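# What the coordinates show
Now for the letters of each chain:
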Amino acid sequence: MPRYGFLVDLNYCISCKACEVACKTWNDVPTDRGIRRRHVIDEVFGSGQSVTTYSVSLACNHCERPACVAACPNGALSVRADGLVTHDKSKCAGCRFCESVCPYGAPQYDAVEKVISKCSGCFDRVDQGLQPACADTCPTGALRFGPLSELEHEGVREIPRFSNPNRTWPSIRFVPRER
């Protein structure tokens, strides 16, 4: 079974946030709790003539060695055979250990339900042969999903201000912004 991942092409992300809306809609994520399982960030770095900007869509990176899974004392987080990291809300005690160890900020505490909320990779859609809602909705094709073995040759593992990938081996690749 292939290990799935995401590819984000920084040349095409226009910060429209369609991926965020699709995620909230498909997964019925409340809009009034500050939870964003997928979020678009806009980065500016450099100085003088070498200032660079880019927008990037981020969520759970479904790491090969997920720190969140190791930190969960109740087994609420697990890794599927295809590499998607899932969360079982019924097992979650809301201890927030997973939130504290994830270098990407993927698990987020829902103060109303008193449990963690995180991207599931839309495994219910993937199991039906569909793309995750975020990738399916991206109007520019900047966000893609598929077997990591195919995506890793198209992008790089790390971009500026992205946590060191050697710690958790995230299943995400980036096509860097062209200058």
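Below is a short write-up of the structure. Residue numbering note: each chain is counted from 1, following its sequence as written. Given that this is a predicted model, residues contribute local features only at a pLDDT of at least 70 and side-chain atom pairs are listed and counted only at 80 or more, while totals for whole chains, interfaces and linings are drawn from all residues. Hydrogens and water are ignored here; the side-chain numbers use all heavy atoms of the structure.

### A few points about the pattern of salt bridges
What counts as a salt bridge is simple: a side-chain nitrogen of Lys or Arg found within 4 Å of a carboxyl oxygen of Asp or Glu. Scanning all chains against the criterion turns up 12 salt bridges. Note that glutamate 113 is salt-bridged to arginine 33, the shortest N-O span being 3.3 Å. With glutamate 113 in the loop between strand 6 (108–110) and strand 7 (115–117) and arginine 33 in the loop between helix 1 (18–27) and strand 2 (39–45), this residue pair connects regions lying 80 residues apart in the sequence. A salt bridge links arginine 96 to glutamate 99, with the shortest nitrogen-to-oxygen separation between them at 2.6 Å. We call a residue buried when its accessible area falls under 20% of the maximum for its residue type, exposed when it is over 50%, and partly exposed in between, using a 1.4 Å probe and counting protein chains only. Overall, the relative accessible area of 37% leaves arginine 96 in the partly exposed class. For glutamate 99, a relative accessible area of 25% corresponds to the partly exposed category. Within this structure, Asp32, Arg33, Lys89, Asp110 and Glu113 form a network of salt bridges that share partners. The secondary structure listing takes helices from DSSP runs of H or I that are at least 4 residues long and strands from runs of E that are at least 2 residues long, numbered from the N terminus.

### Some points on the sheet that holds strand 1 (residues 4–9)
The strand order across the open sheet built from three strands is 8-1-9, with neighbouring strands paired in mixed fashion. Lying at the two open borders of the sheet, with one neighbouring strand each, are strand 8 (143–147) and strand 9 (172–175). Within the sheet, the average angular offset between the axes of one strand and its neighbour, ignoring direction, is 25°. In this analysis, strands are considered paired if DSSP registers two or more bridges between them. Note on definitions: angles span 0 to 180 degrees between N-to-C directions of axes, and those axes are lines fitted to C-alpha atoms, for helices only across the stretch in contact.

### Structural notes on unusual backbone geometry
With phi around 60°, lysine 114 is a residue other than glycine that occupies positive phi space. Tracing the sequence through the fold places lysine 114 in the loop between strand 6 and strand 7. For arginine 161, which is not glycine, the phi dihedral falls at a positive 70°. On the secondary structure map, arginine 161 appears in the loop between helix 6 (148–151) and strand 9.

### A look at helix 1
Within helix 1, the full set of buried residues consists of Cys19, Glu20, Ala22, Cys23, Lys24 and Asn27. Summarising the contacts, the buried residues of helix 1 are in contact with strand 2, strand 3 (52–58), helix 5 (133–137) and strand 8. Whether two residues touch is decided by their heavy atoms; if any such pair falls within 4.5 Å, the residues are in contact.

### Looking at the nonpolar core
By convention a nonpolar core is built from buried Ala, Val, Leu, Ile, Met, Phe, Trp, Tyr and Cys residues, the set being connected through side-chain atoms within 4.5 Å. By size, the foremost hydrophobic cluster in this structure holds 39 residues, and its most contacted members are Val56, Leu143 and Phe174. For this core, the secondary-structure elements that each account for two or more residues are strand 1, strand 2, strand 3, strand 7, helix 5, strand 8 and strand 9. Setting aside residues up to four positions removed in sequence, leucine 143 forms contacts with Phe6, Leu7, Val8, Cys19, Arg38, Ser57, Cys134, Ala135 and Cys138.

### Here we look at the pairing of strand 2
Direction of pairing for strand 2 relative to strand 3: antiparallel, over a ladder of seven bridges. Residue pairing for strand 3: phenylalanine 45 is matched across the bridge by threonine 52.

### Focus: the packing of aromatic side chains
Each aromatic pair joins two rings of Phe, Tyr and Trp (for Trp, the six-membered one) with centres within 6.5 Å, and gets the label stacked for planes under 30 degrees apart, edge-to-face for over 60, and tilted for any other angle. In the structure shown here, the tally under the stated rule is four aromatic pairs. Ring plane angle 25° and centroid distance 5.1 Å describe the contact between tyrosine 4 and phenylalanine 145, whose orientation is recorded as stacked. Of this pair, tyrosine 4 sits in strand 1 while phenylalanine 145 sits in strand 8, placing them 141 residues apart in sequence. Judged by centre distance (5.0 Å) and plane angle (25°), the rings of tyrosine 104 and phenylalanine 162 are stacked. Here tyrosine 104, found in the loop between helix 3 (97–101) and strand 6, pairs with phenylalanine 162, found in the loop between helix 6 and strand 9; they are 58 residues apart in sequence, far enough to count as distant. Tyrosine 104 gets classed as buried once you look at its relative accessible area, which sits at 14%. Members of the aromatic cluster, connected to one another through ring pairs, are Tyr4, Phe6 and Phe145. Positioned over the ring face of phenylalanine 6 is arginine 38, at 4.8 Å from the centre of the ring. When the NZ atom of lysine or the CZ atom of arginine is within 6 Å of a ring's centre and also within 35 degrees of its normal, the charge is said to sit over that ring. Across from the ring centre of tryptophan 169, 3.9 Å away, lies the NZ or CZ of arginine 157, which sits over that ring.

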